[in-house]
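Overview (structure and organization)
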Amino acid sequence: MINEKVGKILIEQVNKELYSAYLYLSMSAYFSDLGLLGFANWMRVQAQEETAHAMLIYDFLIDRGERVILTPIDAPPNRWKNPLNVMEEVLKHEIYVTSLINNIVTIAEEVKDRATMSYMNWFVDEQVEEEANAQDIISKLKLIGDDKSALYLLDKDLAARIFVQPTIKTA
Ligand code: MG
């Protein structure tokens with residue numbers, strides 16, 4: 001059994017993670033259209049990760065006996081000014097997600113739901129990485145500026161990213 005408030009906010013987080021996947025897939029499509037296939041790949045992997053995050057929370061809810069009722073996923077934006085603008089939006093979005101995760105931990109703490117606190121700790125750590133990854137690409141894009149050949153090299157780097165299924169070890 002799970003506290004009503006905690007159950008509700010975790011189901012909301014499933015939706016938020018799926019929205020994140022949708023947002024990054026939309027960004028991937030934008031990069032494909034620009035011919036930046038490495039960036040498109042990076043975003044596609046990012047979308048896969050977000051879907052995996054949603055499923056990790058979904059499975060946790062099922063394990064805790066929660067009846068999961070899914071809600072509509074908002075349409076993501078589909079236009080950006082340039083690659084730097086996209087990555088700045090990624091960072092902004094991840095900072096927002098971090099605040100959502102922190103809020104879940106705070107609510108779980110209030111009702112002394114140790115299982116949720118422990119499980120969501122993985123997401124707290126994951127968010128540090130999510131923000132750092134976005135920041136890293138932003139810094140590189142700022143260095144690159146209008147240098148097309150440098151952008152091409154970064155695009156080649158981002159083509160190497162592969163999806164690794166995340167797992168959460170519980171004691
Ligand atoms: Mg996520």
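The rules behind the values
Residues numbered from 1 in each chain as written. Predicted model: local features only at pLDDT ≥ 70, side-chain atom pairs only at ≥ 80, totals over all residues. Heavy atoms only, no water. Helix = DSSP H or I, 4+ residues; strand = E, 2+ residues; numbered from the N terminus. Buried < 20%, exposed > 50% of the residue type's maximum accessible area, 1.4 Å probe, protein only. Polar contact = N/O pair within 3.5 Å; in protein donor to acceptor, adjacent residues only side chain to side chain. Contact = heavy atoms within 4.5 Å. Donors = N, O, S within 2.8 Å, 3.2 Å for Na, K, Ca; no water. Core = buried A, V, L, I, M, F, W, Y, C linked by side-chain atoms within 4.5 Å. Axes fitted to C-alpha atoms, helices over the stretch in contact; angles between N-to-C directions. Parallel < 35°, antiparallel > 145°, perpendicular 65-115°, else oblique. Nonpolar A, V, L, I, M, F, W, Y, C, P; charged D, E, K, R; others polar. Salt bridge = Lys/Arg side-chain N within 4 Å of Asp/Glu carboxyl O. Phe/Tyr/Trp six-rings, centres within 6.5 Å; stacked < 30°, edge-to-face > 60°.

Looking at the side chain of arginine 161
Structurally, the position occupied by arginine 161 is in the segment after α5 (148-158). Residue classification places arginine 161 among the buried positions, given a relative accessible area of 16%. Within polar-contact distance, the side chain of arginine 161 engages the backbone oxygen of tryptophan 42 at 3.2 Å. Beyond its immediate sequence surroundings of up to four residues, arginine 161 is in contact with Asn41, Trp42, Val45, Gln46 and Glu49.

Quick notes on the coordination of the magnesium ion
With distances of 2.1 to 2.2 Å, the protein atoms coordinating the magnesium ion are Glu17 (OE), Glu50 (OE) and His53 (ND1). Read in sequence order, the donor residues for the magnesium ion give the motif E-x32-E-x2-H. Of this pair, glutamate 17 sits in helix α1 (residues 4-34) while histidine 53 sits in helix α2 (residues 37-63), placing them 36 residues apart in sequence. Each of the two residues, glutamate 17 as well as histidine 53, counts as buried.

So, the nonpolar core
Soluble globular proteins: nonpolar side chains tend toward being buried together. Grouped together as the largest cluster of nonpolar side chains are 25 residues, with contacts concentrated most on Met27, Phe31, Phe39, Met43, Met87 and Ile137. If you list the elements that add at least two residues to this core, you get α1, α2, α3 (83-110), α4 (114-144) and α5. Excluding residues that lie within four positions of it along the chain, methionine 27 makes contacts with Met43, Trp80, Val86, Glu89 and Val90.

Examining the packing of α1 against α3
Closest axis-to-axis distance for the α1/α3 pair is 11 Å, and the angle between their directions is 170°. By the criterion of interaxial angle, the relationship of α1 to α3 is roughly antiparallel. Split by residue class, the contact of α1 with α3 holds 20 nonpolar, four polar and six charged.

Topic: unusual backbone geometry
A positive phi angle, near 55°, is found at lysine 112, a position not held by glycine. In this structure lysine 112 comes out as exposed when scored by relative accessible area, which is 61%.

Things to note about the pattern of salt bridges
Enumeration according to the criterion identifies six salt bridges in this entry. The shortest N-O distance in the salt bridge between aspartate 113 and arginine 64 comes to 3.3 Å. With aspartate 113 in the loop between α3 and α4 and arginine 64 in the loop between α2 and α3, this pair connects stretches of sequence that are 49 residues apart. On the basis of relative accessible area, arginine 64 is assigned to the buried category, the value being 17%. Between aspartate 136 and lysine 140 there is a salt bridge, and its shortest N-O distance comes to 3.2 Å. With aspartate 136 and lysine 140 both in helix α4 and four residues apart, this pair spans about one turn of that helix. Residue classification places aspartate 136 among the partly exposed positions, given a relative accessible area of 37%. On the accessibility criterion, lysine 140 (36% relative accessible area) is partly exposed.

Section: the packing of aromatic side chains
By the definition in use, this model includes six aromatic pairs. Ring centres of phenylalanine 60 and tyrosine 119 lie 4.3 Å apart, and the angle between their planes is 15°; on these two criteria the pair is classed as stacked. Taken together, the residues span a long stretch of sequence, with phenylalanine 60 in helix α2 and tyrosine 119 in helix α4 at a distance of 59 residues. Classification of tyrosine 119 as buried rests on a relative accessible area of 9%. What links up through ring pairs into an aromatic cluster is the set Tyr30, Phe31, Phe39 and Trp80.

Take it as geometry only, folks, not as evidence of what the structure does.
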